Amino acid sequence: MDKAAFQKLFQENTKDPQWCPGCGDFTELNVLIRALAELASEDREIHKNVNDFEEMGISGLEAKICKSCPEKHFYPRYEPHTVVTESGIGCAGQMFAYINTYGAKATHGRALPFSLGLKLARPDLTVIPQGGDGDAWAIGAGHFANFAGFNLDITYLVTNNEVYGLTKGQMSPTSPVWLKTGVNPTGPIREPMNPIAVAVSSGWTFVARLVNVGKLTNGFNTAEFSVDILKKAIKHPGSSLVIFETECPTYNKVKTKEWLKERTVPISDVEPNYNPALAIDALKLSLVPEEEKIPIGIYYQVRRSTLHEKLGIEKPLINLKPDREKIKKLLERYS
Ligand code: SF4
Ligand code: MG
């Protein structure tokens, strides 16, 4: 199957998005679908003549372990039935319903702990938690900082429109001091948090920032660039964070598509000798005021042992044939 066929597959059996016209969440969804479709078709191509697979001996589980590639990995990895998108609460948190993968909705700010349980039990799945700036960095802030140190192999997508959209324009942790909305006409009275600095200093091992506004005036294609970086994030073994700078045309009247377009610039144009392996470079870059420039690309990437490597978990822990009698007794006990 080629990438176009996979792209179609990822869009089948989904609901029509309920976002406002022009919402930045559409741009992240498009990038995610394209990145997964490319990864899935590339993985098929690489493995079309490979026969060196190890069965896991778990009935009902299709995934196998590929012993042919230098890194032993599960296969298939990026196809709709081997991907789980899941989210907390908010406009962006609806994304799992608009893409044909397995999906789940956790409670507010709890996308990451949900991922932890899921990925520990099913390391063969590609797990993509997702949400907005309010969900990730207000109610989810404790998880955001503390989860990273596990270096669980997941990819967390956060759409940063710097406002609570679902609750009609309240201030979020990243709302700039100059933002005014209908429900907060004076703007926030505190400085915004810096999620990239927090991520780098708390243990995320891949941190990227993206803007998808089509082509910039110099011809640079932000959509292609975003797909390429997201593929790298998904393939990175460890906790990847990808921040999509997006617009909420309904409640954030400043951070518009044009505003983003004027400020977006690849990291390599801001810092030609940038080294993403150095946390100090990432921290410095994260301090560039967004009113001046929004550097896009990989801020930070290091290879550290993942949680599964540390625990020696090489296969799914789950029993796909559960003991129904035992479950029934447990349910009766707590009913
Ligand atoms: Fe998107 Fe804002 Fe509308 Fe929510 S309120 S769907 S974030 S444009
Ligand atoms: Mg938001």
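First things first, this report covers the structure right here in the doc. Keep in mind that what you see is a predicted model, and the values were worked out from it rather than measured.

Calculation rules
Residues numbered from 1 in each chain as written. Chains lettered and ligands numbered in written order. Predicted model: local features only at pLDDT ≥ 70, side-chain atom pairs only at ≥ 80, totals over all residues. Heavy atoms only, no water. Near = heavy atom within 4 Å. Nonpolar A, V, L, I, M, F, W, Y, C, P; charged D, E, K, R; others polar. Phe/Tyr/Trp six-rings, centres within 6.5 Å; stacked < 30°, edge-to-face > 60°. Buried < 20%, exposed > 50% of the residue type's maximum accessible area, 1.4 Å probe, protein only. Lys NZ or Arg CZ within 6 Å of the ring centre and 35° of its normal. Pairing = 2+ DSSP bridges. Helix = DSSP H or I, 4+ residues; strand = E, 2+ residues; numbered from the N terminus. Axes fitted to C-alpha atoms, helices over the stretch in contact; angles between N-to-C directions. Parallel < 35°, antiparallel > 145°, perpendicular 65-115°, else oblique. Left-handed = near helix turned anticlockwise from the far one by under 90°. Contact = heavy atoms within 4.5 Å. Donors = N, O, S within 2.8 Å, 3.2 Å for Na, K, Ca; no water. Core = buried A, V, L, I, M, F, W, Y, C linked by side-chain atoms within 4.5 Å.

Let us now look at the site of ligand 1. The full set of residues close to ligand 1 is Trp19, Cys20, Cys23, Cys91, Asn161, Gly165, Cys248, Pro249, Thr250 and Tyr251. Broken down by class, the residue content of the shell around ligand 1 amounts to seven nonpolar, three polar and no charged.

All right, on to the packing of aromatic side chains then. Summed over the entire model, instances satisfying the criterion amount to nine aromatic pairs. Judged by centre distance (6.0 Å) and plane angle (75°), the ring pair of Trp137 and Phe144 falls under edge-to-face. By relative accessible area, which is 3% here, Trp137 ends up buried. Since its relative accessible area comes to 1%, Phe144 is described here as buried. Among the aromatic residues, ring-to-ring pairing joins Trp137, Phe144, Phe147, Tyr156 and Trp204 into one connected group. One cation-aromatic arrangement involves Lys64 over Phe53; the distance from NZ or CZ to the ring centre is 6.0 Å.

Turning our attention to the sheet that holds strand β2 (residues 64–66). Across a sheet, paired strands are connected by hydrogen bonds in the backbone, their directions being either parallel or antiparallel. With antiparallel pairing, the three strands of this open sheet are ordered in space as β1-β2-β3. The sheet terminates laterally at β1 (53–54) and β3 (73–75), the two strands that pair on one side only.

What follows is about the packing of helix α1 (residues 3–10) against helix α2 (residues 25–46). Interaxial distance between α1 and α2 falls to 8 Å at its minimum, and their mutual angle equals 130°. Classified by the interaxial angle, the pair formed by α1 and α2 is oblique. Here the hand of the crossing between α1 and α2 comes out right-handed. On α2, the residues that touch Lys3, Phe6, Gln7 and Phe10 of α1 are Ile33, Arg34, Leu36, Ala37, Glu38, Ala40, Ser41 and Arg44. Along the lines of polarity and charge, the residues of the contact of α1 with α2 split into six nonpolar, two polar and four charged.

Before going further, it helps to spend a moment on the coordination of the magnesium ion (ligand 2). Six octahedrally arranged donors around a metal ideally form angles of 90 or 180 degrees; four tetrahedrally arranged donors ideally form angles of 109.5 degrees. Distances from the magnesium ion (ligand 2) to its protein donors, namely Asp133 (OD), Asn161 (OD1) and Val163 (O), fall within the range 2.2 Å. Sequence spacing of the donors to the magnesium ion (ligand 2): D-x27-N-x1-V. Judged by its relative accessible area of 3%, Val163 falls in the buried class.

So, about the sheet that holds strand β6 (residues 126–132). Reading across from one edge, β5-β4-β6-β7-β9-β8-β11-β10 is the order of the eight strands in this open sheet, with mixed pairing throughout. Looking at the sheet topology across the chains shown, the edges are occupied by β5 (102–105) and β10 (264–266). Going across the sheet, the axis of each strand differs from the next one's by a mean of 20°, ignoring polarity. By the bridge criterion, five bridges tie strand β4 (residues 83–87) to β6 in an arrangement that is parallel. Following the sheet pairing, Thr85 is matched in β6 by Ile128. Strand contacts of helix α6 (residues 195–202): β8 (206–210), β9 (240–245) and β11 (294–301), with the helix running at about 165° to β8, the strand carrying the most contacts.

Here we come to the nonpolar core. Among soluble globular proteins, nonpolar side chains are generally buried collectively. Core analysis: the largest hydrophobic core is formed by 39 residues, its most contacted members being Leu36 and Leu230. Residue contributions to this core peak at nine residues, all from α2. Leaving out residues up to four positions away in the same chain, Leu36 has contacts with Phe10, Tyr78, Val83, Ile99, Ile128 and Ile234.

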